[in-house]
Amino acid sequence: FCERVWLALREKGLEFDEVLINLYDKPQWYKDMVPTSLVPAVKFASDGEVVWESDVILRRLDEAFPETRPLFADPGAVEEVN
């Protein structure tokens, strides 16, 4: 699922810092930051918000960067399904 987020960031043309972690021995700072310890996770520089789960990250990217090409054809339709 990390690939989905990497592709989305590149598709939107957004700059980002990437931090790779050992998935079998996640560092304590990561466990402290992400309560579920799931990957991927994104920490937004603008407000420090941490989001995990790739689908939630993709929606948040569309919200945070409306000037870029949307990842979903109709973002409202995604909400209706959920």
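Higher on the page you've got the structure.
My aim in this report is to walk through the structure given alongside it, one point at a time.

## A short note on the packing of aromatic side chains
Right, so step 1: This structure, assessed with the given rule, holds one aromatic pair.
Right, so step 2: Here Arg60 stacks its cationic end above the ring of Phe44, 4.3 Å away from the centre of that ring.

## With respect to the nonpolar core
Soluble globular proteins tend to pack their nonpolar side chains together in the buried interior.
Right, so step 1: Within the largest apolar cluster, ten residues are counted, these being Val5, Ala8, Leu9, Leu14, Val42, Phe44, Val51, Ile57, Leu58 and Leu61.
Right, so step 2: Put simply, the parts of the chain that give this core at least two residues each are helix H1 (2-12) and helix H3 (54-64).

## What about H1?
Right, so step 1: Within the span of H1, buried status applies to Val5, Ala8, Leu9 and Lys12. Within H1, the buried residues cover an arc of 100° as seen down the axis, which keeps them to one side. Seen from the open side of H1, the exposed residues pointing more than 90 degrees away from its buried face are Leu7 and Arg10.
Right, so step 2: Once H1 ends, the next one or two residues include Gly13, with phi positive near 70°.

## Overview of the pattern of salt bridges
Right, so step 1: Under the criterion given, the structure shown has five salt bridges.
Right, so step 2: Ionic pairing is found between Arg69 and Glu11, a salt bridge with its closest N-O pair at 2.6 Å. With Arg69 in the loop between H3 and helix H4 (75-81) and Glu11 in helix H1, this pair connects stretches of sequence that are 58 residues apart.
Right, so step 3: Exposure remark for Arg69: the relative accessible area of 59% places this residue in the exposed category.
Right, so step 4: In this structure, Glu49 engages Arg60 in a salt bridge whose closest nitrogen and oxygen atoms are separated by 2.7 Å. A residue pair is termed long-range when its members are at least 10 positions apart, and Glu49 in the loop between strand E1 (41-43) and strand E2 (50-52) and Arg60 in helix H3 qualify at eleven residues.
Right, so step 5: The exposure class of Glu49 is partly exposed, given its relative accessible area of 32%.

What counts and what doesn't
Residues numbered from 1 in each chain as written. Predicted model: local features only at pLDDT ≥ 70, side-chain atom pairs only at ≥ 80, totals over all residues. Heavy atoms only, no water. Phe/Tyr/Trp six-rings, centres within 6.5 Å; stacked < 30°, edge-to-face > 60°. Lys NZ or Arg CZ within 6 Å of the ring centre and 35° of its normal. Core = buried A, V, L, I, M, F, W, Y, C linked by side-chain atoms within 4.5 Å. Buried < 20%, exposed > 50% of the residue type's maximum accessible area, 1.4 Å probe, protein only. Helix = DSSP H or I, 4+ residues; strand = E, 2+ residues; numbered from the N terminus. Arc of directions from axis to C-beta. Salt bridge = Lys/Arg side-chain N within 4 Å of Asp/Glu carboxyl O.

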